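# Structure at a glance
The lines below spell out each chain.
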Amino acid sequence: MTIKITALLIFTVAPLFAVCSAAVPTPATVDQLAWLSGCWASAAGEPGSEEHWMQPAAGTMLGMNRFVRQGQTVAFEFMRIYEDAKSLHQLT
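Chains are numbered independently. Their residues run from 1 in the order of the written sequence. For a predicted model such as this one, the threshold for reporting local features is a pLDDT of at least 70, and the threshold for listing and counting side-chain atom pairs is 80 or more; totals across whole chains, interfaces and linings nevertheless cover every residue. Side-chain calculation: all heavy atoms of the structure are included, whereas hydrogens and water are not.

## A closer look at the packing of aromatic side chains
Let me state the cut-off plainly: Whether two aromatic rings pair depends on their centres lying within 6.5 Å, for rings of Phe, Tyr and Trp, where Trp uses its six-membered ring; planes under 30 degrees apart make the pair stacked, over 60 edge-to-face, and the rest tilted. Exposure classes here rest on a 1.4 Å probe applied to the protein chains alone. A residue is buried below 20% of its type maximum, exposed above 50%, and partly exposed in between. Consider the ring centre and the ring normal. A charge sits over the ring if Lys NZ or Arg CZ is within 6 Å of that centre and within 35 degrees of that normal.
A full pass over the atoms with the stated rule returns 2 aromatic pairs. Taking the centre distance of 6.2 Å and the plane angle of 85 degrees together, the rings of W35 and W40 count as edge-to-face. Relative accessible area serves as the criterion here: at 57%, W35 is assigned to the exposed category. Relative accessible area serves as the criterion here: at 41%, W40 is assigned to the partly exposed category. Geometrically, the ring pair formed by F76 and F78 is edge-to-face, given 5.8 Å between the ring centres and 70 degrees between the ring planes. Assessed through its relative accessible area of 60%, F76 is described here as exposed. If you follow R80 out to its NZ or CZ, it ends over the ring of Y82, 4.4 Å from the centre.

## Overview of the nonpolar core
As a rule of thumb, soluble globular proteins bury nonpolar side chains together. Test applied: To form a nonpolar core, buried Ala, Val, Leu, Ile, Met, Phe, Trp, Tyr and Cys residues must be joined to one another through side-chain atoms within 4.5 Å. By the convention used here, residues are in contact when the closest approach between their heavy atoms is within 4.5 Å.
Core analysis: the largest hydrophobic core is formed by 7 residues, namely V30, L33, L36, W53, M61, M79 and I81. In contact with L33, other than residues within four places in its own chain, are M61, I81 and L88.

The structure is reproduced here in structure tokens:
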């Protein structure tokens, strides 16, 4: 009977130790998106259609864009990417 209980405990508890010892991925940071900073424009877009991103600072990146069609601004957007203890978030 003791062997059965010991075996049951080993097969029940051992997988839990494997899960606990697995590497926990580190959360993504805004600094990893530094490549996004600068001015972005499509070669096929109309002049004035562009997107700008600021360098990461204090866990935040700010961006803005403008869409031009037939010489008129038809849409614009202000964006924020920020980090918390768990992941990255984007607000537009």
